[in-house]
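Chain by chain, the residues:
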Amino acid sequence: MNEIICPNCKKVFKVDEAGFADILKQVRDHQFEEELTNRLALAEKAKESAVELAEANIKNSLQEELAKKDKELTELKAKTSSELAGELAKKETEIAKMESKIQKAEIEKKLEVSEAIKLIEKERDNLANDLKIKETEKQLLENSIKEQFSNKLVAKDETIKMKDDEIARLKDFKQKLSTKMVGESLEQHCETEFNKLRATAFQRAYFEKDNDSRGGSKGDYIYRETDEASIEIISVMFEMKNENDETVTKKRNEDFFAKLDKDRTDKNCEYAVLVSLLESENEFYNTGIVDVSHKFKKMYVVRPQFFIPIITLLRNAAMNSMKYKTELTLIKNQNIDITNFEEKINTFKNGFAKNYDLASRKFKTAIDEIDKTISHLQKTKDALLSSENNLRLANNKADDLTIKRLTHDNPTMKAKFDG
């Protein structure tokens, strides 16, 4: 059973192959012929009705005219022969006119019938075109349905093939792991895979065992790589975990996340990667490279076959960010220069402030001495001004000293001055 969507009404319905063939047969045979027969029957009936109506109208009109003429002829028979002849000639003229009208009416009737036939034929042609369009739409729908079925079948076959290939690949990989790692640990396997590419792909890379346990624990391997200027490009702390199928107590990958994150932080590594064969039936970890940074920062879990690819991916991403790291280093150096400059400025400011304080205190002493000198000079000035005032008074008194004043009320001095 398959779902089919009608391109016109968008309704979804289900049919099997037998039902689909029956639909096609009905559309091609029964419905087409029945609709064509009905349309032609309606057209023929409309044509006959139009012809019968036109004939009935003309017949009634002629009968009325003939009845009228018969009456007029009967009336003429009662008139005189001359009048009869004149009337007869007149009537014959009228009859000729009537015959001409009849002929004209006949022609008009034929024209009307012809027009009706043309309309019917046009409608018939339109119906035929509509049927052709319906047939084309039906064919398109049929092709679309066939294409949908074909695509779905192809997609389904491809999906089945991909699943079969993936199952076969995983089975083969698991079998290889189970045989290859019997005498070789996972750590040795990863180190061997790395050393195969060290000389060509990782010439400036450091990949060695983590032997530093001063922080209370240590990881398995540390990967570091620097550029030509000895600037670190990337650093990764690796932890390798494996267990046999016969192990009774099964460990989970997330049991080692906290320790791995601590080792990464203690050894100042940027990333943490757990290479694990634990939880071999867990599809979440079997899909490829698993990002668990939602639990611990910059942490990934991979199967052994993704050991080299995870290094390559992280390394390529780090290479792309090297430009920004270089710019950041330059900015840091600039910040250091600015800090040194600020320190020199502060030293100068402190020394200047100290010298300014000493100079300011000495300047204040000089100002105080000047103020004292000014005060002393002011006193001297006041004394001089006082002396000047006394001399002025003495001068005024000398100016006022006259003979008259000396001899006033002094007859002896007056007599002497007079003598």
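Quick caveat, the model's predicted, so the values are computed rather than measured.

Participant: Can you lay out the side chain of arginine 303 for me, pointing to particular residues and giving the numbers?
Facilitator: Among the secondary structure elements, arginine 303 is positioned in the loop between strand S8 (299-302) and helix H6 (307-320). Of the side chains bearing the opposite charge, glutamate 279 lies closest to the buried arginine 303, which forms no salt bridge; the N-O distance is 7.0 Å. A distance of 3.0 Å separates a polar side-chain atom of arginine 303 from the backbone oxygen of serine 276. There is a polar contact of 2.7 Å between the side chain of arginine 303 and the backbone oxygen of leucine 278.

Participant: Talk me through helix H4 (residues 257-266); I want residue IDs and the actual numbers.
Facilitator: Three or four residues apart is the spacing at which side chains of an α-helix point the same way, because the helix has 3.6 residues per turn. The set of residues buried in H4 consists of Phe257, Leu260, Asp261, Asp263 and Arg264. Axial view of H4: buried residues confined to an arc of 160 degrees, hence all on one face. The elements touched by buried residues of H4 are strand S5 (232-241), strand S6 (271-276), helix H5 (283-286) and S8. Positive backbone phi, approximately 55 degrees, marks asparagine 268, located one or two places after H4.

Participant: So what about the pairing of S8? Which residues, and what values?
Facilitator: Note on strand geometry: in a regular strand, side chains alternate between the two faces of the sheet. Burial along S8 is two-sided: the face carrying Met299 and Val301 and the face carrying Tyr300 and Val302 are both buried. Pairing analysis gives four bridges linking S6 to S8, with the strands arranged parallel. Among the inter-strand pairings, alanine 272 is bridged to a residue of S8, identified as methionine 299. Both strand S7 (residues 290-291) and S8 contribute to a ladder of two bridges, which runs antiparallel. Each bridged residue has a counterpart across the sheet, and for valine 290 the counterpart in S8 is valine 301.

Participant: Now, about the sheet that holds S7: what can you tell me, with residues and values included?
Facilitator: Pairing in this open sheet of six strands is mixed, and the strands run S3-S4-S5-S6-S8-S7 from one edge to the other. With one partner strand each, in any of the chains shown, strand S3 (205-209) and S7 form the two edges of the open sheet. When S5 meets S6, the two strands line up parallel, connected through six bridges. Following the sheet pairing, glutamate 239 is matched in S6 by leucine 274. The strands touched by helix H3 (residues 186-201) within the sheet are S3, strand S4 (221-226), S5 and S6, with S3 carrying the most contacts at an inclination of about 160 degrees. This element, H6, spans S3, S4, S5, S6 and S8 of the sheet and lies at about 160 degrees to S5.

Participant: Could you give me a rundown of the pattern of salt bridges, with the residues and numbers involved?
Facilitator: Inspection of every chain in the model, using the stated rule, returns 18 salt bridges. Among the ionic pairs, arginine 214 bridges to aspartate 212, the shortest N-O distance being 2.8 Å. For aspartate 212, a relative accessible area of 24% puts it in the partly exposed group. The salt bridge partner of arginine 224 is glutamate 232, with a shortest N-O separation of 3.2 Å. Overall, the relative accessible area of 32% leaves glutamate 232 in the partly exposed class. One connected set of salt bridges, linked through shared partners, spans Glu239, Lys241, Lys259 and Asp263.

Participant: With reference to specific residues and values, describe the confidence of the model for the protein.
Facilitator: On average, residues of the protein score 77 in pLDDT, and 70% of them are at 70 or above. Of all the helices and strands in the protein, helix H8 (residues 403-407) carries the lowest mean pLDDT, 59, while S8 carries the highest, 95. Taken together, the stretch residues 178-183 has pLDDT below 50 and engages in 10 contacts with residues farther than four places along the chain or on a different chain.

Participant: Could you give an account of the side chain of lysine 109, with specific residues and numbers?
Facilitator: Checked against the element boundaries, lysine 109 lands in helix H2 (residues 81-180). Looking at lysine 109, the relative accessible area reads 14%, which means it is buried. Not counting chain neighbours up to four residues away, the residues in contact with lysine 109 comprise Ala54, Glu55 and Ile58.

Participant: Account for H6, with residues named and values stated.
Facilitator: Counted at 1.5 Å a residue, the expected span for H6 with its 14 residues is 20 Å, and the 21 Å between its end C-alpha atoms agrees. Taken together, the buried positions of H6 are occupied by Phe307, Ile308, Ile310, Ile311, Leu314 and Ala318. On an axial view of H6, the arc spanned by its buried residues comes to 160 degrees, and they lie on one face.

Participant: Which residues make up the nonpolar core, and what are the values?
Facilitator: Among the nonpolar cores identified, the biggest contains 26 residues, and Tyr223, Phe238, Val273, Val275 and Phe307 are the most heavily contacted of them. Residue assignment for this core shows that the elements contributing at least two residues are H3, S3, S4, S5, S6, S8 and H6. Of the residues forming this core, the biggest block, six residues, is contributed by H6. When neighbours within four sequence positions are excluded, phenylalanine 307 is seen to be in contact with Cys190, Glu193, Phe194, Phe207, Phe238, Met240 and Val275. Among the nonpolar cores identified, the runner-up in size contains 12 residues, and Met237, Leu274, Tyr285 and Met299 belong to it.

Participant: Which residues make up unusual backbone geometry, and what are the values?
Facilitator: In this structure, serine 230 takes a positive phi of about 65 degrees despite not being glycine. In this structure, serine 230 sits in the loop between S4 and S5. A residue is classified by how much of its surface remains accessible, and serine 230, at 60% relative accessible area, is exposed. Within the chain, asparagine 268 stands out as a residue other than glycine whose phi angle is a positive 55 degrees. With respect to the helices and strands, asparagine 268 occurs in the loop between H4 and S6. Judged by its relative accessible area of 61%, asparagine 268 falls in the exposed class.

The rules behind these values
- Residues numbered from 1 in each chain as written.
- Predicted model: local features only at pLDDT ≥ 70, side-chain atom pairs only at ≥ 80, totals over all residues.
- Heavy atoms only, no water.
- Helix = DSSP H or I, 4+ residues; strand = E, 2+ residues; numbered from the N terminus.
- Buried < 20%, exposed > 50% of the residue type's maximum accessible area, 1.4 Å probe, protein only.
- Lys, Arg positive; Asp, Glu negative; His and termini not counted.
- Salt bridge = Lys/Arg side-chain N within 4 Å of Asp/Glu carboxyl O.
- Polar contact = N/O pair within 3.5 Å; in protein donor to acceptor, adjacent residues only side chain to side chain.
- Arc of directions from axis to C-beta.
- Contact = heavy atoms within 4.5 Å.
- Pairing = 2+ DSSP bridges.
- Axes fitted to C-alpha atoms, helices over the stretch in contact; angles between N-to-C directions.
- pLDDT = per-residue confidence, 0-100.
- Expected span 1.5 Å × (residues − 1).
- Core = buried A, V, L, I, M, F, W, Y, C linked by side-chain atoms within 4.5 Å.

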